[in-house]
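Here is what each chain is made of, one letter per residue.
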Amino acid sequence: MNDKTNNLEVLARCSFCKAKLNRHDLTLVLEKRQQTVFHATCSQCQTASLILISGGDKGLLGVGMITDLDKEEVKKKLVTEAITADEIINVYAALKN
Ligand SMILES: [Zn+2]
């Protein structure tokens, strides 16, 4: 099952400059049922972002948002504050509107 990685290459783009993110730019920080969160650092502009890949009946959805946290901080936050991927989507939606 390499689907996730393949989809990742399609869905994962830098939130800032839209450059395609490479596999080695990405660090898995949270995996929960059908939702996976990666921390990515763009090799073009060095912007750190969170990439959320959500898979479900409606297909795969990828959203990205710029973060100023490094991957260790993100991990810690996700674990200690028990932020769910849904909440990340909510934060993302709130930022967009
Ligand atoms: Zn970039």
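Being a predicted model, the structure only gives us computed values, none of them experimental. (Residues numbered from 1 in each chain as written. Predicted model: local features only at pLDDT ≥ 70, side-chain atom pairs only at ≥ 80, totals over all residues.)

A closer look at the overall build of the chain
Phase 1 of the analysis: Across its full length, the chain carries three helices and four strands.
Phase 2 of the analysis: Ordered by position from N to C terminus, the α and β elements of the chain give α-β-β-β-β-α-α.
Phase 3 of the analysis: Here the chain holds 97 residues, and 25% of them are scored as buried.
Phase 4 of the analysis: Of all intrachain contacts in the chain linking residues separated by at least 6 positions in sequence, the fraction that spans at least 24 positions is 47%. (Helix = DSSP H or I, 4+ residues; strand = E, 2+ residues; numbered from the N terminus. Buried ≥ 20, exposed ≤ 12 C-beta atoms within 10 Å, placed from the backbone. Contact = placed C-beta atoms within 7 Å.)

Some points on the environment of K18
Phase 1 of the analysis: On the secondary structure map, K18 appears in the loop between helix 1 (3–11) and strand 1 (26–32).
Phase 2 of the analysis: The class of K18 is exposed, set by 11 C-beta atoms lying within 10 Å.
Phase 3 of the analysis: Each C-alpha atom, one on K18 and one on Q44, is 9.5 Å from the other, the two residues being 26 residues apart in sequence.

Some points on the confidence of the model for the chain
One rule of thumb: low pLDDT means the predicted coordinates there are not for detailed reading.
Phase 1 of the analysis: With 75% of its residues at a pLDDT of 70 or more, the chain has an overall mean of 80.
Phase 2 of the analysis: Element-level pLDDT for the chain is lowest in helix 1, with a mean of 64, against a maximum mean of 89 in strand 2 (residues 35–41). (pLDDT = per-residue confidence, 0-100.)

Structural notes on the nonpolar core
Phase 1 of the analysis: If you look at the biggest cluster of nonpolar residues, it comprises 15 residues, and the most contacted ones within it are V29, V37, F38, A40 and I51.
Phase 2 of the analysis: Counting only elements with at least two residues in this core, the list comes to strand 1, strand 2, strand 3 (48–56) and helix 2 (71–80). (Core = buried A, V, L, I, M, F, W, Y, C linked by C-beta atoms within 7 Å.)

A look at the sheet that holds strand 2
Phase 1 of the analysis: Read across the sheet, four strands follow the order 1-2-3-4 without closing on themselves; strand pairing throughout is antiparallel. Both edges of this open sheet fall to strand 1 and strand 4 (59–66), since each of them pairs with a single strand only. Geometrically, the sheet is characterised by an average inter-axis angle of 20° between neighbouring strands, direction not taken into account.
Phase 2 of the analysis: In this sheet, strand 4 lies alongside strand 3 in antiparallel orientation, the contact comprising eight bridges. Note on strand 4: the bridge partner recorded for L50 is M65. (Pairing = 2+ DSSP bridges. Axes fitted to C-alpha atoms, helices over the stretch in contact; angles between N-to-C directions.)

Thoughts on unusual backbone geometry
Phase 1 of the analysis: In this structure, K18 takes a positive phi of about 70° despite not being glycine.
Phase 2 of the analysis: Of note, the phi angle at Q46 is positive, near 65°, even though the residue is not glycine.
Phase 3 of the analysis: Note that Q46 resides in the loop between strand 2 and strand 3.
Phase 4 of the analysis: Exposure remark for Q46: the 10 C-beta atoms within 10 Å place this residue in the exposed category.

A word on the pairing of strand 1
Phase 1 of the analysis: Note: strand 1 against strand 2, six bridges, orientation antiparallel. Paired with T27 across the bridge in strand 2 is H39.
Phase 2 of the analysis: The antiparallel pairing of strand 1 with strand 2 creates a hairpin that spans two residues between the two strands, and R33 there sits at a positive phi of about 45°.

Quick word on the environment of L21
Phase 1 of the analysis: Among the secondary structure elements, L21 is positioned in the loop between helix 1 and strand 1.
Phase 2 of the analysis: Separated by 21 residues in sequence, L21 and C42 have C-alpha atoms that sit 6.3 Å apart.

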